[in-house]
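Architecture and fold: a report
In case you want the letters, here they are:
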Amino acid sequence: MISTRPFAHPDARSPLFCDGVSLDTLTKNYGTPLYVYSENQILHRLRLFAGAFESIPHLVCYSVKANSALAILKLLDKNGAGFDIVSGGELERILRVNKASAQRVVFSGVGKTAAEIDLALRSGILIFNIESAGELDLLAERASKLRKRARIALRVNPDVFAETHPYISTGLREHKFGVDIRQARAVYKSAAKQKYLDSSGVSVHIGSQIRSADPFGAAAERIAQLVRELRADGLPIQSVDVGGGLGIEYHSEHSFNPEDKIQQYALALLRKLRPIENLRLLLEPGRFIVAQAGALLTRVLYVKKNGEKTFVVTDAAMNDLIRPALYQAHHDIVPVVRSKGARKKVVDVVGPVCESGDFFARDRGLPELKPGDLVAILDAGAYGLSLSSNYNSRPRPAEVLVDGKRARLIRRRETMDDLLAPEQI
Ligand code: PLP
């Protein structure tokens, strides 16, 4: 059985490993900060989805925004996944990996431009998730101009409370996403008048890092009702895209069983959607697939005291992993090499960026750390590098993908030349 986390100490005296690879050794080869991902864990999570939904025709469209490394996209592509994209740039990534996979792409996002729509039409993507009447008009215009048919699903806003951080909750009427479910039929009616548009689906995405299955069930119930109404209106609705959003547990002291989680999630959705005949489910998981497969390795630069507080300053910062600063998100932090008898100390783990919000942990009890020590920030595989920036002119970290006992560099560390290339004096 594959454990929830691929990062573990094989025995009391060894350093932290990712599957069969010592992280201590890895940083000697590739330096820090360094993102490390486990191929086995990513595939395991993908297979959990396939297993949980085997009773219904479905396609898992991995949400590229969670981690858009080409090597990870290729791994998922080879294993049958489709993709959920939100920009022309993400589509370019899929095309780079495998042009033929465009037919397994769903295109979400509230602000698609004409150029992005054209690229998607020419590439022959599976379906457009339309987020407004204005976008529908633009797609109709571009499709007729290019003489390309487009399958569409309206992303509806079901007004369901997602029980997550307000920044990653998307399914309430007050949010910018989707179209109010009460207006959906009218929008589909106007879509039906467009020669090049085929209304073939309905889509929804209520938010991210949602740990209870209940909000998914509530959204599915409303979507099921809408599908029945649309079919009664004569529209050949064939697919429901239930979005992503299934959460993970970031605190290792809380128990978390991904197999159970996915079963509960599938049950909540299928209870409402399986009774509808001839329906294909599209799923857009991101975090659940990649978050726990990844860690950010960073080295301690300094340990300093200010007043009562002790700060552990690392060489990674909020520009490399912004989740704690942006959402006050928790990430477990563990020393890569355990020093015998190290006492626990309460510290803040912070980066070198000039913002007080640049922290990875606050008032956290950790084994005493000293300059030069290596720590792993766990569960950093999703919304880590993909949300990173060059703030403070900091080159982004390298990325390594581990396959059993083998590790390979999938993104080299950025250089200052990379950062300065687009600029002119
Ligand atoms: N689909 C859409 C439209 C999204 O906006 C997101 C992210 O918020 C996802 C899928 C993936 O969500 P998650 O990573 O929580 O599964």
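Residues numbered from 1 in each chain as written. Predicted model: local features only at pLDDT ≥ 70, side-chain atom pairs only at ≥ 80, totals over all residues. Heavy atoms only, no water.

A few words on the pairing of strand E13 (residues 280–283). In terms of strand pairing, strand E5 (residues 58–63) meets E13 through 3 bridges, oriented parallel. Its bridge partner being in E13, His-58 is matched across the sheet by Leu-281. Of the pairings in the sheet, the one linking strand E12 (residues 239–241) to E13 comprises 3 bridges and is parallel in character. From the neighbouring strand, Ser-239 faces E13, where its bridge partner is Arg-280. Since E12 and E13 lie parallel, the crossover through helix H9 (residues 258–273) that links them has a hand, and here it is right-handed. (Pairing = 2+ DSSP bridges. Helix = DSSP H or I, 4+ residues; strand = E, 2+ residues; numbered from the N terminus. Right-handed = clockwise from strand over helix to strand, strands pointing away.)

All right, on to the environment of Thr-310 then. Assignment of secondary structure puts Thr-310 in strand E15 (residues 309–314). Classification of Thr-310 by relative accessible area gives buried; the value is 7%. Excluding residues that lie within four positions of it along the chain, Thr-310 makes contacts with Val-303, Lys-304, Lys-305, Lys-345, Val-346, Val-347 and Asp-348. (Buried < 20%, exposed > 50% of the residue type's maximum accessible area, 1.4 Å probe, protein only. Contact = heavy atoms within 4.5 Å.)

Core analysis: the largest hydrophobic core is formed by 109 residues, its most contacted members being Phe-49, Phe-53 and Phe-128. In terms of residues, this core owes the most to one element, helix H8 (residues 214–232), which gives 8 residues. When sequence neighbours within four positions are dropped, the list of residues in contact with Phe-49 reads His-58, Val-60, Leu-246, Ile-262, Tyr-265, Leu-283, Pro-285, Phe-288 and Ile-289. (Core = buried A, V, L, I, M, F, W, Y, C linked by side-chain atoms within 4.5 Å.)

Domains assigned within the chain are domain 1 (7–37 + 292–420) and domain 2 (39–289). For domain 1 versus domain 2, the separation of C-alpha centres amounts to 32 Å. At the junction of the two partners, domain 1 supplies 24 residues and domain 2 supplies 23 residues. Buried area between domain 1 and domain 2, summed over both chains or domains, comes out near 2100 Å², and the portion from carbon and sulfur atoms is 52%. When the buried area of domain 1 at its contact with domain 2 is split by residue, Gln-292, Tyr-327 and Tyr-383 rank highest and sum to 30% of it. Linking domain 1 with domain 2 are 0 salt bridges, by the criterion used here. At the junction of domain 1 and domain 2, the tally comes to 9 residue pairs in polar contact (both at pLDDT 80 or more). Broken down by secondary-structure element, the contributors of at least two residues to the side of domain 1 that touches domain 2 are helix H11 (323–327), strand E20 (398–403) and strand E21 (406–411). (Domains from an automatic or database assignment. Buried area = accessible area lost by both parts, 1.4 Å probe. Salt bridge = Lys/Arg side-chain N within 4 Å of Asp/Glu carboxyl O. Polar contact = N/O pair within 3.5 Å; in protein donor to acceptor, adjacent residues only side chain to side chain.)

It is worth spelling out helix H7 (residues 184–192) at this point. Of the residues making up H7, those classed as buried are Ala-184, Val-187, Tyr-188 and Ala-191. Down the axis of H7, the smallest arc covering the buried residues is 100°, so these residues share one side. Exposed positions of H7 whose direction lies more than 90 degrees from the buried face are Ala-186 and Lys-189. In this fold, the buried residues of H7 make contact with helix H6 (133–146), strand E9 (150–157), strand E10 (179–180), strand E11 (197–203) and H8. (Arc of directions from axis to C-beta.)

A few words on the pairing of strand E17 (residues 344–350). For a regular strand, the rule is simple: side chains alternate between the two faces of the sheet. Summarising the sheet, E15 and E17 pair through 3 bridges and their orientation is parallel. Along E17, the bridge assignment pairs Phe-311 with Asp-348. As paired strands, E17 and strand E18 (residues 359–367) are joined by 6 bridges and run antiparallel to one another. When the bridges of E18 are listed, Val-346 appears paired with Gly-365.

Now for the site of the ligand. Residues in close proximity to the ligand total 15 residues, the closest being Ser-208, Gly-245, Glu-284, Arg-287 and Tyr-383. At a separation of 3.1 Å, a nitrogen atom of the ligand approaches a polar side-chain atom of Asp-84. One of the backbone nitrogen or oxygen atoms of Arg-287 is found 2.8 Å away from an oxygen atom of the ligand. Look at the ligand: alone it shows 390 Å² of surface, and the protein chains cover 92% of it. Along the lines of polarity and charge, the residues of the shell around the ligand split into 2 nonpolar, 8 polar and 5 charged. (Near = heavy atom within 4 Å. Areas by Shrake-Rupley, 256 points an atom, 1.4 Å probe, with all protein chains shown as cover. Nonpolar A, V, L, I, M, F, W, Y, C, P; charged D, E, K, R; others polar.)

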